[in-house]
2 protein chains.
Amino acid sequence: MNEFAWLIAPISALVSILLGLYFYFYIKKQDSGTEKMKEISSAITEGAYAFLKREYTTLAMFVTVVSVLIFIFLPAPPIWNSEANLLKHAAMALAYLFGSFCSALAGYLGLSVATKANAKAAQAARNGLNKAFPIGFRGGGVMGFAVVGLGLLGVSIVFALTNDPYVVLGFSFGASALALFAKAGGGIFTKTADISADLVGKVELGIPEDDPRNPAVIADNVGDNVGDVAGMGADLFDSYVASIVAALILGQVLNNLPLSKGVYLHMPLVFAGIGILAAILGALTVRVGKSGDPGNALNMGTYVTCIIFAVLTASATYLLDYEWRIWGAAIVGLIAGVIIGMTSDYFTSDDKPPVLKTAQASTTGTATTIITGFSYGLHSVFPPLIGIGAASTVAYFLCSPLGADYALFGIGMAALGMLSIVGLIISNDAYGPIVDNSRGIAEQAGLGEEVIRITDELDSAGNTAKAITKGFAIGAAGLTVIALLASFKSTAEEAGGTITFDLMNPLVLLGALIGIAMPAVFSAMVMLGVGRNAERMIAEIRRQFKETPGLKEGKEGVKPDYAKCVDIATVGALKELMPPSILTIAVTLIVGFVAGVEALGGYLAGAIFSGLLFALLMANSGGLWDNAKKLIESGVHGGKGSDAHKAAVVGDTVGDPFKDTAGPSLNTMITVMSLVATLFAILIVDNNLLKLLGLS
Amino acid sequence: MNEFAWLIAPISALVSILLGLYFYFYIKKQDSGTEKMKEISSAITEGAYAFLKREYTTLAMFVTVVSVLIFIFLPAPPIWNSEANLLKHAAMALAYLFGSFCSALAGYLGLSVATKANAKAAQAARNGLNKAFPIGFRGGGVMGFAVVGLGLLGVSIVFALTNDPYVVLGFSFGASALALFAKAGGGIFTKTADISADLVGKVELGIPEDDPRNPAVIADNVGDNVGDVAGMGADLFDSYVASIVAALILGQVLNNLPLSKGVYLHMPLVFAGIGILAAILGALTVRVGKSGDPGNALNMGTYVTCIIFAVLTASATYLLDYEWRIWGAAIVGLIAGVIIGMTSDYFTSDDKPPVLKTAQASTTGTATTIITGFSYGLHSVFPPLIGIGAASTVAYFLCSPLGADYALFGIGMAALGMLSIVGLIISNDAYGPIVDNSRGIAEQAGLGEEVIRITDELDSAGNTAKAITKGFAIGAAGLTVIALLASFKSTAEEAGGTITFDLMNPLVLLGALIGIAMPAVFSAMVMLGVGRNAERMIAEIRRQFKETPGLKEGKEGVKPDYAKCVDIATVGALKELMPPSILTIAVTLIVGFVAGVEALGGYLAGAIFSGLLFALLMANSGGLWDNAKKLIESGVHGGKGSDAHKAAVVGDTVGDPFKDTAGPSLNTMITVMSLVATLFAILIVDNNLLKLLGLS
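Definitions and limits used
What you see as residue numbers is a count from 1 along each chain, following the sequence as written. Here every chain gets a letter starting at A, and every ligand a number starting at 1, in the order they are written. Totals for whole chains, interfaces and linings use every residue, but because this is a predicted model, local features are given only for residues with pLDDT of at least 70 and side-chain atom pairs only at 80 or more, for both listing and counting. Comment: elements are numbered from the N terminus, with helices defined as DSSP H or I runs of at least four residues and strands as E runs of at least two. Note on method: radius of gyration uses C-alpha positions; expected globular size equals 2.2 Å times residues raised to 0.38. For every residue, the other C-beta atoms within 10 Å of its own C-beta are counted; 20 or more classify it as buried, 12 or fewer as exposed, and values in between as partly exposed. C-beta atoms are placed from the backbone. Throughout, a residue-residue contact means that the two C-beta atoms, derived from backbone geometry, are no farther apart than 7 Å. Under the convention used throughout, the expected extent of a helix is 1.5 Å for every residue step, that is, one less than its residue count. Two axes are fitted around each residue, one to the seven residues ending there and one to the seven starting there, and the angle between them is reported as the bend at that residue. For this analysis, nonpolar core means a set of buried Ala, Val, Leu, Ile, Met, Phe, Trp, Tyr and Cys residues linked through C-beta atoms within 7 Å. Here the copies were fitted onto each other by least squares, based on C-alpha atoms from residues at pLDDT of at least 70 in both. Amino acid classes used here: Ala, Val, Leu, Ile, Met, Phe, Trp, Tyr, Cys and Pro are nonpolar; Asp, Glu, Lys and Arg are charged; the rest, including Gly, are polar. The axes used here are C-alpha line fits, helices contributing only the stretch in contact, and every angle between their N-to-C directions lies in the interval 0 to 180 degrees. Note on terminology: angles under 35 degrees are roughly parallel, angles over 145 are roughly antiparallel, angles of 65 to 115 are roughly perpendicular, and the others are oblique. By definition, turning the near helix anticlockwise from the far helix through less than a right angle yields a left-handed crossing, and turning it clockwise yields a right-handed one. The pLDDT value expresses, per residue, how confident the predictor is, ranging between 0 and 100.

A. Broad picture of the overall build of chain A. Of regular secondary structure, chain A possesses 19 helices and zero strands. Scaling as 2.2 N^0.38, a compact globule of 696 residues should have a C-alpha radius of gyration of about 26 Å, and chain A matches this with 24 Å. Dimensions of chain A, computed from the C-alpha atoms along their principal axes, are close to 75 × 55 × 45 Å. The buried share of chain A, taken over its 696 residues, is 69%. Residue pairs at least 24 apart in sequence account for 86% of intrachain contacts in chain A once pairs closer than 6 positions are excluded.

Below you can see the structure in the form of structure tokens.
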């Protein structure tokens, strides 16, 4: 039985994809509402597809070039060497292409349903909250279950064909590199539109959010989809696959050890498969009554999934004769994920001190709003970092009685445990932008106060769920990159390198100092990209309001040129996403090929530390500024239009690129770095400048 | 001759103190100007002394408690152990007290002259720039030369009496702990006053900076002195002493090695002594003609000092038979310091893209100003981190042919080389707040346009010099803490511990994750302290403008209640400085005594990385917002009063606590952590919870 146990992975992956398809057709048959709504929805869909098409076209070139490079160089030695195994080279390149394709497909599927579900949820909201909620949730579910299904199916196929975790690494790199571009590009697009629409619309002219007079309103809605849905799907797809690969690599080491009974090679696949089943069962329990609280429903689904996962994996451990300690490590990861999510909830909830005090600081001015929010953002890094550290320490010590390699495998399984239920997490997260769009459509199509109130409530539940899911995503990425660091070490050492991470070795130190600078530089590049882009779009919005007669007054029949704004955001995003993403890969390779694997180890460690730090800081300060603004809009401190509100809007606008552009890209960035380093470790061990010069 | 060579240290320290005294009396005999000016100057002096008195009274209690604890516990074993050497315990406690005292004295001296020099420089400015400049520069020089003189004299005395670098560590800890409080307290005070004065005065009421109607104007001037002068003096005092101690500890190891000829124990003292002489000679060359450029004069002085240092240390190396490679390491450090200073100049100069683009972003609104400035701040971390990494790598490889211990000593000497000329750096830096105050006094006393223009020019030279000196200070702190990390490792290993910094050891990883969170939490605490304090003061300023008839209109004879504002800032700063400072020390001890020296090593490494990152980010983004505002005030993008100006003022206000409160405290924070860890390393090796529980 044991040798076929891993088949649970492709099977549940297929079930997951089928569930995604079921949700897709469920959404499709819902009513899209009035002509006006259909019109808006199709404008959003068009904009989103236009962006995605241009993005994927650009990326296709990049992917082609990289796949050729991979074919030439990986696995070591390069193809011109007589010992090179051309079949393996081809397998690597194909795995890479397959990973990119799956990641792009997951993003596309999520996007295509999200842009349909928004109008349908708005329409259903006219019949009450409990009618609209499932549309939002299942819309998110298409994305969630497509992502994990495609991810695990892809990994299973590559693994079944090659039986080599190193080739799966190629698949993972394909997924991550594409995710990096998707995150950065989508993030730049969405915030360009959002900031520009807010600054001119809300701040300068005082018209409401999502007002159809605003030329950037469609671009803003498109942005929610390409940034939050497609980008985020690609992001979690990449963490998910990376965590499985890291565990596979660390598990492979065990296979030659006496205790292992040869079962650990497949354990990550078995647990990942069970994770998907748990998420599916959990998702089926998510429902909300007529007067129910949708936020609670989403979070309850998460808890139910966790419990199902714990029970099913315990059964598998019993049946398949795994060590209980390793099961424990996976559960530790899962629990840590939930706890990290909860603490991030504390920092962004509108009834807790961070948001309350930031809202209060708005009454003394813009500068104090920024300083206060930023400071709480700094505070917020503490609990999750401790959480990640504690989870890895506990997982390690739990498994270390089995041996040192088991202890590292324990860390890998903790990461996998944390990410196992990610199908549900993504569903909850993708729910957010869908209902956010519904609210926009309800406003633009004039569906009336009551519908807007319901969509507001749906939206606010999205924010509640999002706090937990974001914390979860960062915690999972943190544990995953630590597991990847272990895989990097194990891969490099197998190739004859030594990785000590000893900071008293100046190469390690130099690597670490470059590494800690990288996430800062990356963030700066994408945020300045947003800034440059937003300047162009702000000028365009101002121009339209000035030059289109009757637009500002909302004269019947006068419509702004929405497409122009979508176009500016698209062109700008594509221009700005390349340099930081390519820099990430290039500097990693440069450090490795110049200074060797030891320096590269320091570099990875530095980048991971600083990446986690900035990711947490930016996600949480952005979230809390957003909620402080919403709190004021709900009527406290003078409500909408007050000076405090103006200050809070600036805070929110500063937070936008933090939480939606730079912050979430950093997870992907450090994953990509770790994968590139691991993939090239073997080549670098023997071929680096210092070694050639005889200096190391 | 060799055995007396180290006497150059106490001798040049004494010369330095004498030069400081000479400058002091030079300043004292200058004319203080009109009655009005004397009145303002004495209000500032009174406020500054009031703050310092209360601060030192509070700190005296802290210092007393800590000295008792040191007496009981250090050096290991504690006094109740029969093997404890009570004389050594007493020496440690006394060295600690002595260090605290010297640090406090340096701050006091600097402050007492700075508060006198401001009015005198303003008065001299009525006779031209070349009359006012020397008063500003020599006023700064009192502080600069008192700091290095007291520091090196203190180290020399403690070392001569005990011949034990470990006891000098106690002295260094005294200096650093006091510096931490002084930096945090002064930083909170100065920004409370600055932010409040600007927000109500400039933004709400549109009255000029330093307008005497503003109730916070005196508090603002006091703040410049207690924050920038006294705090900064204590800060560089602490880096300076720490760099010497680190080199002494690393040099002691060499003394038993064959190559050393017993000379390396004293080499750090010899080079430090020469550094002071070079700074004195350099300072004497600093002068400015009638139409000269004071900014150039300050920077020329720095370059001249560097050259003198290089020549004199080369002579010493020749005469005293040191290895040339080690001399090279010191020079590498010095050059790196200058280069780092120059790159930080790039990011804060008003004719370079970062400031220009931030100023331009102000035209599209406040949010874009913040995002752009913050992004360039993120970019700015790259060059100095590479610089620190490159300096230590080059120093290491330069010396490694002599042996591994020599290579570490090389890093220590690079740090010392960088800090050797710090006397001049402090003089240049303290010059800034003095002439800034002169400008304020000229404005308040109504000395006319021409005098204000001259003081403006002096002030702007201060900013130019400050960019380089700040970069220098952070670079030096970076190299110093790396040298301290090496000292920590060497101390802990001598006591039987093993320090590997191996991130695959979960305790090291956990330590590192806690460590990287600490600077973020510390920054958050001090900045929220500023925020809380500023809220109180803003309310008071608004109250005075509302309730004092004729104040806003500037009616003859109506004066605001300046003392009330000084009082609010003082009480608040004292309340807010304790928690973050004590937390820094407490968490370090907790990590050590719970998880042992390995975890503590990871913790230090994490804290150093994240501390450098945030220190650079905050110093540079703060500086560039400041200069973007000044650029707009000079007339571009609509000049004063335009919307762009309002946005730039908010940027500047956000940057204030970044660059003057949190940023500069972080250097001191990581130094204190490193010193605490090194001091307690021996005790921790045998006494930690995990060891007691048998878990490590």
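B. Geometry of helix 16 (residues 506-547) of chain B. Residues and elements named next belong to chain B. Over its 42 residues, helix 16 runs 61 Å from end to end, which matches the ideal 62 Å to within 8%, given 1.5 Å per residue. Of all bends in helix 16, the biggest is about 25°, found at Met 518, and the proline Pro 519 comes one to four residues later. Within helix 16, 34 of the 42 residues are buried, which leaves it mostly tucked inside the rest of the structure.

C. Region of interest: the nonpolar core. Ala 414 of chain A together with Ala 414 of chain B are the most contacted members of the largest nonpolar core, which has 553 residues in total. Beyond its immediate sequence surroundings of up to four residues, Ala 414 of chain A is in contact with Ala 329, Ala 330, Val 332, Gly 333, Ala 391, Ser 392, Ala 395 and Leu 479 of chain A.

D. Here's a closer look at the relation of the copies chain B and chain A. Of the transformation placing chain B onto chain A, the axial shift is 0.0 Å and the rotation is 180°, giving an RMSD of 0.0 Å. The relationship between the two copies is best expressed as a two-fold rotation axis.

E. View of the interface of chain B and chain A. Every contact between the two is made by 66 residues of chain B and, on the other side, 66 residues of chain A. Tallying contributions element by element places helix 16 of chain B first for the side of chain B that touches chain A, with 19 residues. Looking at the side of chain B that touches chain A residue by residue, the class counts come to 47 nonpolar, 16 polar and three charged.

F. Spotlight on the packing of helix 7 (residues 267-285) of chain B against helix 14 (residues 422-444) of chain B. Residue and element names in this part refer to chain B. For the pair helix 7 and helix 14, the least separation of the axes is 7 Å and the interaxial angle reads 40°. The orientation of helix 7 relative to helix 14 falls into the category oblique. Residues Ile 276, Ala 279, Gly 282 and Ala 283 of helix 7 lie in contact with helix 14, whose contacting residues are Gly 423, Leu 424 and Ser 427. By residue class, the composition of the contact of helix 7 with helix 14 is four nonpolar, three polar and no charged.

G. Quick peek at the environment of Phe 397 of chain B. By the element assignment, Phe 397 of chain B lies in helix 12 (residues 382-399). Distance in space between the C-alpha atoms of Phe 397 of chain B and Lys 552 of chain B is 65 Å, their sequence separation being 155 residues.

H. Structural context of the packing of helix 2 (residues 35-73) of chain B against helix 5 (residues 165-205) of chain B. Residues and elements named next belong to chain B. Relative orientation of the contacting elements helix 2 and helix 5 amounts to 150°, with a least axis distance of 11 Å. At the point where helix 2 passes helix 5, the crossing takes the right-handed sense. Contacts from Phe 51, Glu 55, Leu 59, Val 66 and Ile 70 of helix 2 reach helix 5 at Gly 170, Ala 177, Leu 178, Phe 181, Gly 185 and Phe 189. Here the contact of helix 2 with helix 5 is composed, by residue class, of eight nonpolar, two polar and one charged.

I. Quick peek at unusual backbone geometry. Note that the residue after Leu 74 of chain A, namely Pro 75 of chain A, is joined by a cis bond; omega there is -10°. Its location among the elements puts Pro 75 of chain A in the loop between helix 2 (35-73) and helix 3 (86-125). Even without a glycine there, the phi angle at Asp 321 of chain B is positive, about 65°. Secondary-structure assignment places Asp 321 of chain B in the loop between helix 8 (294-320) and helix 9 (324-348).

J. Geometry of the environment of Leu 236 of chain A. Secondary-structure assignment places Leu 236 of chain A in helix 6 (residues 217-254). In the structure, Leu 236 of chain A is positioned 68 residues away from Val 168 of chain A in sequence and 17 Å away in space, judged by C-alpha atoms.

K. Summary view of the confidence of the model for chain A. Of the residues in chain A, 98% have a pLDDT of 70 or more, and the chain-wide mean is 87. Both scores are given for the predicted complex: the pTM is 0.90, the ipTM 0.90.

L. Representation of the environment of Pro 212 of chain A. All names here are of chain A. Relative to the elements of secondary structure, Pro 212 occurs in the loop between helix 5 (165-205) and helix 6. Along the sequence, Pro 212 and Ile 441 sit 229 residues apart, while their C-alpha atoms lie 9.2 Å from each other. Sequence-distant contacts of Pro 212, that is, excluding residues within four places in its chain, are made with Val 217 and Gln 444.

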